[in-house]
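Fold and contact review
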Amino acid sequence: MTQILRLITLAISLFVIFISGNAQKNASVQRKQLFDYNWKFNLSDNAVFSKLDYKDASWRILDLPHDWSIEGKIELSNPTKGAGGYFPTGIGWYRKSFNVPACWTGKRVSVYFEGVYMNSEVFVNGKSVGVHPYGYTSFNYDLTPFLHFGKENVIAVRVDNSQQINCRWYSGSGIYRHVWLNVTDPIHVAHWGTYITTPELNFDKATVQVKTILSNETSLLQRIDLNTTLTGKKSKQVGNDEQVLELQPNSQREVIQTILVNNPHLWAPETPFLYHATTTIRQYSKVLDLTQQKFGIRSIKFSVEKGFELNGKTLKLNGGCVHHDNGCLGAAAYDRAEERRVQLLKAAGFNAVRTSHNPPSEAFLGACDRLGLMVIDEAFDGWKASKNPHDYSTLFNAWWQRDMEAMLLRDRNHPAIIMWSIGNEVIERTKLEAVEIAKILAACAHKNDPTRPVTSAMTTWGEGWAVFDSLMAAHDVCGYNYQLHEAEKDHQRVPSRIILQTESYPREAFKNWNAVQSQDYVIGDFVWTALDYLGESGIGRWCYPDDLKGEHWEHDFFPWHGGYCGDVDLLGGRKPISHYRNLLWNDTEKLYLAVKEPNPDNGPIKETMWSVWPTWESWTYPEKEGKKLDVEVYSKYPSVRLYLNNKLMGEMPTTKAQEFKAVFAVPYAEGTLKAVGVVDNKETESKILKTAGATTKITLKADRRRLKANGQDLSFVMVELTDANGNRQPNAENQLHFKVEGTGVIAGVDNARLNDPETYVSNSRKAWKGRAMVVIKSTRQIGNIKLTVSSDGLADVIATMKVAKY
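Presented here is an overview of the structure given in this document. (Residues numbered from 1 in each chain as written. Predicted model: local features only at pLDDT ≥ 70, side-chain atom pairs only at ≥ 80, totals over all residues. Heavy atoms only, no water.)

Observations regarding the sheet that holds strand S2 (residues 39-42)
- Ordered by their spatial adjacency, 6 strands build an open sheet running S3-S2-S4-S9-S6-S7, and the pairing between neighbours is antiparallel. This sheet does not close on itself; its edge strands, each paired only once, are strand S3 (60-62) and strand S7 (127-132). Along the sheet, successive strands turn relative to each other by an average axial angle of 25 degrees, direction set aside.
- In terms of strand pairing, strand S6 (residues 120-124) meets strand S9 (residues 151-161) through 5 bridges, oriented antiparallel. (Pairing = 2+ DSSP bridges. Helix = DSSP H or I, 4+ residues; strand = E, 2+ residues; numbered from the N terminus. Axes fitted to C-alpha atoms, helices over the stretch in contact; angles between N-to-C directions.)

What follows is the structure, given as structure tokens:
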């Protein structure tokens, strides 16, 4: 009887496949389709915007990703206030018409949003598909029941960022990450349904475990072949497993495949090798589904005795915290902008990043995998208790599990991720309730990914410290914000605790580096912050005598609209503190020269908690002739010598006892300042600063001259104002004008000056410290781009770029 039923089921299955194949006329359907192009946008709100027959011809046409806040004016009256950088928000709608071919009948069609900020509601053909409040997690909707096959369809998305303040930093507004349309057979790999781990690993072989969730959205028992193939260099196969399976009707099934890889290439920051897993579902030789997943082979281990071990070797974490914005591009997560951020972090010497305080874009994590930057992936800023009136506390009870699982399931295949963070400086940290919440969140992380530890960033503002012992015990790794000085006492009290400083003050670079190096149970330090950012206005600033004094939370410091506490500024320029930190942690840099800004005549400069003294690569202070300036030299040499116009000004030791730093008081005179490293009384490498003359020309340097014709590729063009000899004039503040012709547009302009409220989307920008930047975005047309930069009294300068197929 059982055999007869199986034969009947087989016959019905073959009939269904025949009908489906006939309907498709053997058409090949791309499984994952980019859905970013040709949206219409309106910054207003009306319920009729969701209707299928609404006339939207007058709406603005644009491509995603899109952030409407960055396009607006920075104004004191905007409801985001200092937390959000004084940018506008509001409610906006997006609409898109798209054809669903008749040959898709019988398929499952879903839409995947990587990120919408925030409170989104999606409509298809006038019907609500779903709502998603949190702006930082990805989400997916099955559109199949709502679609008109063989006809034109309309998707509409309402985005509500009007309830302010809902974030302590710049959030942006809109569909700011990619959108995808997924088309699958009813029998397919589930969304986020592949999970790859390496449970056993040595240098000779690795055991790769592939867990796949298979969906059978038919009413019949299905018999299928599941094949997973692993490939390495040059797409060479390194392992394979195939299984014949039965899938119950209208159900999901998890399948585990174990594949041995010989002589694996291990993922590490210096060797970020990636493998590919290709999973294929076949039925009677027909391919029903095919997915690909990148992964890395590596091991991580955490202990008090050896700290953090990657592939069996102890590695200290030189980390930085980052927010998600891309400066003048706002929150728009262009792939190239996200990749560039990772490149900037790597170039500054960081080996790890904390995505404070939310899951980042997929493009950012992909770049961390490819380029070798370890990641602490953070879920949210707070829990039930609020920091602002409309923050995540309003969502926590209803949404924490969905948002946690969205982060975990989406991101767990990234080898760059080494820890999950479940929160930051939560307000209820002194209450017993916090311990229970932490246990629940940690359990969720361990259930969905038992291979990584859980941390969160804890601090105290006058509440004591040992009081948090029970809360710390709910974590695998204990995150300390600004509390590393407590580590030695804590180790004596709780010797099993693994400690990580999850935030630190920039100016305490040496103290924190030294503490990490000298204590095995302290695994690293993450500075606040690695990159400058929008929002949290005025953090990291310094005050001149006539400026309003105070920390960033104490007043409105408009026109300050961002945080200047990063090692790297919004142009991608490395500040002196970046060079100092890199010199401490790495061997790639041994000598650096800069000059501390002198106090004005009317009083001293005052610092704030997250600032460092304004220090510049400049020896151009014409108003300070004859007055002593402090010249800073950072050095890994035993000593350094300083010369002014070839005259020796002195020699000073720069060993660990001097914190690898020397400060020379030098009477200012025009000319050449030179620092030289000294070993055994012999001079080695040198660094030079020259006095710049009058501004005579503009120079351009594009990071890329060849762009993809995908409407999303970017070239970051640095603009410098120089003297006749090519020396940057650090005091130049000329107004610059940008003109673009051909197959490109201006995506944003910047000068890194976070108290300059000029609009970021513009064709003009004032230089600061002799620098500015214009970001050029390709169109979807093949051709050439001509960028012309002009300024009154200076000759125009031109840069060209080519836009080609991709």
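Re the nonpolar core
- Counting 150 residues, the largest nonpolar core has Leu317, Trp383, Met404 and Trp619 as the members making the most contacts within it.
- Looking at this core, the element that brings in the most residues is helix H5 (residues 432-448), giving 8 residues.
- Those residues in contact with Met404 that lie beyond four places of it in its chain are Ala379, Phe380, Ile422, Leu441, Cys444 and Ala445.
- Grouped together as the second largest cluster of nonpolar side chains are 29 residues, Phe113, Val122, Val129 and Leu181 included. (Core = buried A, V, L, I, M, F, W, Y, C linked by side-chain atoms within 4.5 Å. Buried < 20%, exposed > 50% of the residue type's maximum accessible area, 1.4 Å probe, protein only. Contact = heavy atoms within 4.5 Å.)

Considering the layout of surface pockets
- A volume near 930 Å³ is recorded for the second largest pocket.
- What lines the second largest pocket is a set of 36 residues, among which Gly573, Glu617, Glu720, Arg728 and Arg771 lie closest to the centre.
- Going through the elements one at a time, helix H2 (335-347), helix H9 (576-585), strand S34 (615-616), strand S40 (682-690), strand S41 (697-702) and strand S43 (714-722) are the ones with two or more residues in the lining of the second largest pocket.
- The dominant element in the lining of the second largest pocket, judged by the number of residues it contributes, is H2, at 4 residues.
- Tallied by class, residues from the lining of the second largest pocket come to 15 nonpolar, 9 polar and 12 charged. (1 Å grid on protein atoms, 1.4 Å probe; cavity = no way out; pocket = protein on both sides within 12 Å on 5 of 7 lines; lining within 4 Å. Points joined across faces, edges and corners; volume = space filled by probe spheres on them. Nonpolar A, V, L, I, M, F, W, Y, C, P; charged D, E, K, R; others polar.)

Some thoughts on the side chain of Thr620
- Along the chain, Thr620 turns up in the loop between S34 and strand S35 (628-635).
- Within the structure, Thr620 has its side chain in polar contact with the backbone nitrogen of Ala692 (distance 3.0 Å).
- Apart from residues lying up to four places away in sequence, Thr620 is in contact with Tyr668, Lys690, Thr691, Ala692, Gln729, Pro730 and Asn731. (Polar contact = N/O pair within 3.5 Å; in protein donor to acceptor, adjacent residues only side chain to side chain.)

Concerning the state of the cysteines
- Scanning all chains against the criterion turns up 0 disulfides.
- In this model Cys321 remains outside any disulfide bridge; the closest cysteine sulfur is found in Cys565, 9.5 Å from its own.
- For Cys321, a relative accessible area of 0% gives the class buried.
- Cys328 carries a free sulfur, and the closest cysteine sulfur to it, the one in Cys565, is 18 Å from it. (Disulfide = S-S within 2.5 Å.)

Examining the packing of aromatic side chains
- Here the structure, examined in full by the defined rule, presents 45 aromatic pairs.
- Ring centres of Phe113 and Phe139 lie 5.1 Å apart, and the angle between their planes is 15 degrees; on these two criteria the pair is classed as stacked. One end of the pair, Phe113, is in strand S5 (residues 108-113); the other, Phe139, is in strand S8 (residues 139-142), with 26 residues separating them in the sequence.
- Residue Phe139 is classed as buried on the basis of its relative accessible area of 6%.
- Ring plane angle 70 degrees and centroid distance 5.4 Å describe the contact between Trp542 and Tyr564, whose orientation is recorded as edge-to-face. One end of the pair, Trp542, is in strand S30 (residues 542-543); the other, Tyr564, is in the loop between strand S31 (562-563) and H9, with 22 residues separating them in the sequence.
- Among the residues examined, Trp542 registers a relative accessible area of 8% and is labelled buried.
- Judged by relative accessible area, which is 8%, Tyr564 ranks as buried. (Phe/Tyr/Trp six-rings, centres within 6.5 Å; stacked < 30°, edge-to-face > 60°.)

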